[in-house]
2 protein chains.
Amino acid sequence: MEGCEQMLGGSGSVTIHQVAERAGVSIKTVSRVLNHEINVRAETKERVQAAIAELKYRPNPSARNLAGNHGYNIALLYDNPSPSYLMDLQRGALESCRAEGFHLILQPCTYLSRDLAREIASLVEESRIPGVILSPPLSDMAGLLDQLEELGVQHSRIAPIDVARGGPYVAVDDRGASYDLIRHLIELGHRRIGIIKGHPDHGAGHWRYEGYLKAMHHYNLPVEDELIAQGYFDFDSGMAAARQLLALKDRPTAIFAGNDDMAAGVLHIAHDLGIDVPGQLSVAGFDDTPLSRHVWPSLTTVRQPVADMARLATMQLIDLVRKRGQSGEHPAPSMFCSLVIRDSTGKVPE
Amino acid sequence: MEGCEQMLGGSGSVTIHQVAERAGVSIKTVSRVLNHEINVRAETKERVQAAIAELKYRPNPSARNLAGNHGYNIALLYDNPSPSYLMDLQRGALESCRAEGFHLILQPCTYLSRDLAREIASLVEESRIPGVILSPPLSDMAGLLDQLEELGVQHSRIAPIDVARGGPYVAVDDRGASYDLIRHLIELGHRRIGIIKGHPDHGAGHWRYEGYLKAMHHYNLPVEDELIAQGYFDFDSGMAAARQLLALKDRPTAIFAGNDDMAAGVLHIAHDLGIDVPGQLSVAGFDDTPLSRHVWPSLTTVRQPVADMARLATMQLIDLVRKRGQSGEHPAPSMFCSLVIRDSTGKVPE
DNA sequence: ATGAAAGCGCTAACAA
DNA sequence: TTGTTAGCGCTTTCAT
């Protein structure tokens, strides 16, 4: 008869009752352990954890969702960044969710939509979502943030511009990496360096531009207006900006595009114009997407730990959700700095 | 007091009870309408549907999940195809899931992993997943399919090789599109056309190769072994194959790579070798990924309706899940044919 | 520090 | 054709 447990374990899954029985406690105690509550004796806790491990027990998210006063679905909100960036984000977020027993809900958005706030509101209510992860440019939609707060929905932001605003976020040192990249180009002998700024609604665009300015000033190179073009992080805007920069009488010898997609656009135009890369023009991007290796010649670019950022942002969100309003303390915002320049030969300088 | 409904609608969500009350029926009847059960009078059904619409009621997936004998989470299984392909898949699957009140669970896999079957089994049991969507190359892992059937888990396959095997699938006419593409090249005057085959574990690789053979034979062109290289659908294998093909004494004047990533690899090598594209060499890919436009020169390629395929496959799966074992009838497998050749100038021939 | 009981929103079996 | 009842697995009171 004891074999029954095995049978049950096979077809249905292990429930909290079986864990409780195994550990010789009530289900409530198991629940306490599960939810990291405090009123559990260390010894009891260990017994329960052992039982959980032996039975390979995993709490049923639907049941928790239904019974608890917060849900176990967290949503990743995104508006159409590049596919590879998004896949990295997803991968990181998924890992954290899996590890913590949450479900990840994907929510594609249109960040300029007038209904954005309404859509998110209904999503959040329908799925009882206690928190959302905001990726750029949604990280900085003030109206959205306000509304989330009204709804009592936690959020964790990735690469925001306004870091002063409350709540956890994860960012990298775009400015510093950009500075390093420009310095690298300068050390290679470049003097006239053009830049294609990123989308004004994305924080990264700002920081990367600032890094450029800082480096140029630091090396006493003139920052000429004609060397600065506006882009929007997509291939087409990169091409448009490149046409502009490469039509200058005194052409830049290097162009730093705010991301790889735009850099690919520069490369495309340079080829169209018969400009030799890297002979007559160096092209640098940002993000280290697969594209940067696939174009010819390969781009100098900067690697961002996107999946790690998402993993961290997700963990912060989950922490917040768990201690929903327990203390007013926000977790320390984390700043990743592990950016790495990969130059077109694959070498990492310094 | 009647305003209360509004209040409630705002904070918690509408439940089946409110719908029942509004429609003047029992909750069970509402449930019947929700689940497309048959024993409901047309007039009653309409009343219920009206109430649902007015209240903007959406059933709580967690509750259904918990109470029902099948879950409302369906999983998308994938092993690392290109990010853009995967994003398209996701988008399509998400849309169908949203429309039908299912949750989509993302499950990255390692298709060669020895534990694959075990991992899927535990995923399926833990999340009470009644069905999975299989994308290539998982669509053709016979062992996995067997196991899913043992577990009573439905599946819907995307672009499978073995279409004889039971269950719904969605595919495109890779063979025909490939044939058309090669014909296009031949009509452009090419005679020595090299091919880089796709990954042998992916159905698409087979069909595309067959289309090539058929076209070559049809035009009485010799199919020489040295013109056939093996690739694996990734950029690096495309480069390797290109090195091989372009080292031939009698070089091909055109290379058809099984997908865009490999085609980008060909382009890269051609540039390295100083071969002018398209002057001395034409390069064609398959999939119409963003990459095909970003490289220089743009690739001739074939557009696949990936999101539509996923949408359809997901709908088929959901149908199957709903009438779980009701009839032995499988939904008719659907064959999409809307492939479009986009040549490197952006023109669509014919 | 632990347990007993109630109930989350829904579906399933059984009544009517 | 419709309604009633009893749970699904868990968290939440509230009691001990």
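It should be noted that the structure appears before, not after, this text.
Residue positions are counted from 1 within each chain, in the order its sequence is given. To label them, take the chains in the order written and letter them from A, then take the ligands in the order written and number them from 1. Residues qualify for local features only when their pLDDT is at least 70, as the model is predicted, and side-chain atom pairs are given and counted only at 80 or more; totals for whole chains, interfaces and linings, by contrast, use all residues.

(A) Quick look at the protein's contact with DNA strand C. Using a C-beta atom placed from the backbone for every residue, we mark a residue as near a molecule or strand if that atom lies within 6 Å of it. Near DNA strand C you find 26 residues, and of these Ala67(A), Ile16(B), Ser31(B), Ala63(B) and Ala67(B) are the closest. Numbering of helices and strands starts at the N terminus; helices are DSSP runs of H or I of at least 4 residues and strands are runs of E of at least 2. If you list the elements that add at least two residues to the surface near DNA strand C, you get α3 (27-34) and α5 (61-67) of chain A together with α3 (27-34) and α5 (61-67) of chain B. In the scheme used here, Gly and all other residues not listed as nonpolar or charged are polar, with Ala, Val, Leu, Ile, Met, Phe, Trp, Tyr, Cys and Pro taken as nonpolar and Asp, Glu, Lys and Arg as charged. Residue classes in the surface near DNA strand C are distributed as 11 nonpolar, 11 polar and 4 charged.

(B) Examining the sheet that holds strand β8 (residues 254-257) of chain B more closely. Residues and elements named next belong to chain B. Following DSSP output, two strands are said to pair if at least two bridges run between them. What the 4 strands build is an open sheet, ordered β7-β6-β8-β9; its pairing is parallel. Where the open sheet ends on each side, the last strands, each with one partner, are β7 (228-230) and β9 (282-284). Sheet twist, expressed as the average angle between the axes of neighbouring strands with direction ignored, equals 15°. Each axis is a line fitted through C-alpha atoms, and for a helix only the stretch in contact is used; angles between axes span 0 to 180 degrees, taken between their N-to-C directions.

(C) Summary view of the nonpolar core. Judged by nonpolar contacts, the single largest core of 96 residues is most densely connected at Ile74(A), Ile133(A), Ile74(B) and Ile133(B). The contact criterion used is a C-beta to C-beta distance within 7 Å, with each C-beta placed from the backbone. Apart from residues no more than four positions distant in its own chain, Ile133(A) is found in contact with Ile74(A), Leu76(A), Leu77(A), Ala93(A), Ser156(A), Ile158(A), Ala313(A), Thr314(A) and Leu317(A). The next biggest cluster of nonpolar side chains, apart from the first, holds 82 residues, and it includes Ala177(B), Met239(B), Leu281(B) and Ile341(B). The term nonpolar core refers to a set of buried Ala, Val, Leu, Ile, Met, Phe, Trp, Tyr and Cys residues connected through C-beta atoms within 7 Å. The exposure scheme places C-beta atoms from the backbone and then counts, for each residue, the other C-beta atoms within 10 Å of its own, assigning buried at 20 or more, exposed at 12 or fewer, and partly exposed in between.

(D) Looking closely at the protein's contact with DNA strand D. Lining the immediate environment of DNA strand D, one finds 26 residues, of which Ile16(A), Ser31(A), Ala63(A), Ala67(A) and Ala67(B) sit closest. Its residues assigned to classes, the surface near DNA strand D comprises 11 nonpolar, 11 polar and 4 charged.

(E) Spatial organisation of the packing of helix α11 (residues 235-246) of chain A against helix α12 (residues 260-272) of chain A. All names here are of chain A. It is at 7 Å that the axes of α11 and α12 come closest, and there the two elements cross at 50°. When the axis of α11 is compared with that of α12, the two are oblique. In this structure, α11 meets α12 at a crossing whose hand is right-handed. Contacts between α11 and α12 involve Phe235, Asp236, Ser237, Gly238, Met239, Ala241, Ala242, Arg243 and Leu246 from the former and Asp261, Met262, Ala263, Ala264, Gly265, Val266, His268, Ile269 and Ala270 from the latter. Counted by class, the contact of α11 with α12 contains 11 nonpolar, 4 polar and 3 charged residues. Working definition: roughly parallel below 35 degrees, roughly antiparallel above 145 degrees, roughly perpendicular at 65 to 115 degrees, and oblique for all remaining angles. Working rule for handedness: look at the near helix, and if it is turned counterclockwise from the far one by less than a right angle, call the crossing left-handed; if clockwise, right-handed.

Note that all results are geometric; they support no functional claim without further evidence.
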